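Remarks on the overall topology
One-letter residues, chain by chain:
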Amino acid sequence: MARAPFQVIVIPYRYTKDGEREYALFYRRSPSFGDFWQAVAGGGEDDETPLEAARRETHEETGIDPSADFIALDSCATIPAPHAAGMLWGPAVLVIPEYSFGVHARNSEIHLSAEHLSYRWVDYASARQMLLFDSNKNALWELDYRLSKDGMRL
């Protein structure tokens, strides 16, 4: 399979018995960045759309059903191509877009891939503090805002 020149991040969310939102974050060890927490992350393959890649990556990394309710977010960043796949697309491609999504995990049980060491369900404030990358923090803010009852959480 050929790697497409884009990246996706996906933030699973669920509601507690008390109606509070929680977000799943994933702990990863990386030679480039050390140990850190992040959303589901991965690249597109072949002629996948960003949503198709988000569904596949989420299923591969968490076991969440690809037919779950995904929310396409407006948050979009660019990331250095070497951080995604080296210089796979040649020396002229220095950055690639990173598209963001949320997915309602409902009662899904998380089944981690080998990519992550662990995961945690946390509230919004904890998730903001735990995330390393600004693009993940921005996507989390947008998702939380869109899901809030009054749309006024800032």
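Notes on the structure follow.

Conventions adopted
- Residues numbered from 1 in each chain as written.
- Predicted model: local features only at pLDDT ≥ 70, side-chain atom pairs only at ≥ 80, totals over all residues.
- Heavy atoms only, no water.
- Salt bridge = Lys/Arg side-chain N within 4 Å of Asp/Glu carboxyl O.
- Buried < 20%, exposed > 50% of the residue type's maximum accessible area, 1.4 Å probe, protein only.
- Helix = DSSP H or I, 4+ residues; strand = E, 2+ residues; numbered from the N terminus.
- Phe/Tyr/Trp six-rings, centres within 6.5 Å; stacked < 30°, edge-to-face > 60°.
- Lys NZ or Arg CZ within 6 Å of the ring centre and 35° of its normal.
- Expected span 1.5 Å × (residues − 1).
- Contact = heavy atoms within 4.5 Å.

1. Concerning the pattern of salt bridges
Applying the stated criterion across every chain yields a total of eleven salt bridges. Measuring nitrogen to oxygen at the nearest pair gives 2.8 Å for the salt bridge that ties R14 to E22. Here E22 falls in the buried class, since its relative accessible area comes to 17%. Note that R106 is salt-bridged to D69, the shortest N-O span being 2.6 Å. With R106 in the loop between β6 (95–104) and β7 (118–122) and D69 in the loop between α1 (50–62) and β5 (70–80), this residue pair connects regions lying 37 residues apart in the sequence. R106 sits in the partly exposed class, given a relative accessible area of 48%. Take D69: its relative accessible area is 40%, and that puts it in the partly exposed class.

2. Structural notes on the packing of aromatic side chains
Tallying each qualifying case throughout the model produces six aromatic pairs. Consider the rings of Y13 and Y15, whose centres lie 6.1 Å apart with planes at 90°: the pair is edge-to-face. Classification of Y15 as partly exposed rests on a relative accessible area of 37%. Ring geometry for F36 against F133: centres 5.2 Å apart, planes inclined by 80°, an arrangement best described as edge-to-face. In this pair, F36 sits in strand β3 (residues 34–38) while F133 sits in the loop between α3 (124–130) and α4 (134–147), placing the two residues 97 residues apart along the sequence. The exposure class of F36 is buried, given its relative accessible area of 6%. For F133, a relative accessible area of 26% puts it in the partly exposed group. The ring of W37 is capped by R120, whose NZ or CZ atom sits 5.9 Å from the centre of that ring.

3. Regarding α4
Across its 14 residues, α4 extends 20 Å between first and last C-alpha, which sits within 8% of the 20 Å expected from 1.5 Å per residue. The secondary structure elements touched by the buried residues of α4 are β1 (3–15), β2 (21–30), β3, β5, β6 and α3.

4. Here we look at α1
Along its 13 residues, α1 runs 18 Å from first to last C-alpha, staying within 8% of the 18 Å computed at 1.5 Å per residue. Within α1, burial applies to A53, A54, R56, E57, T58, E61 and T62. Tucked into the core, α1 has its buried residues touching β1, β2, β4 (40–45), β5 and β6. Immediately downstream of α1, the backbone of G63 shows phi near 85°, a positive value.

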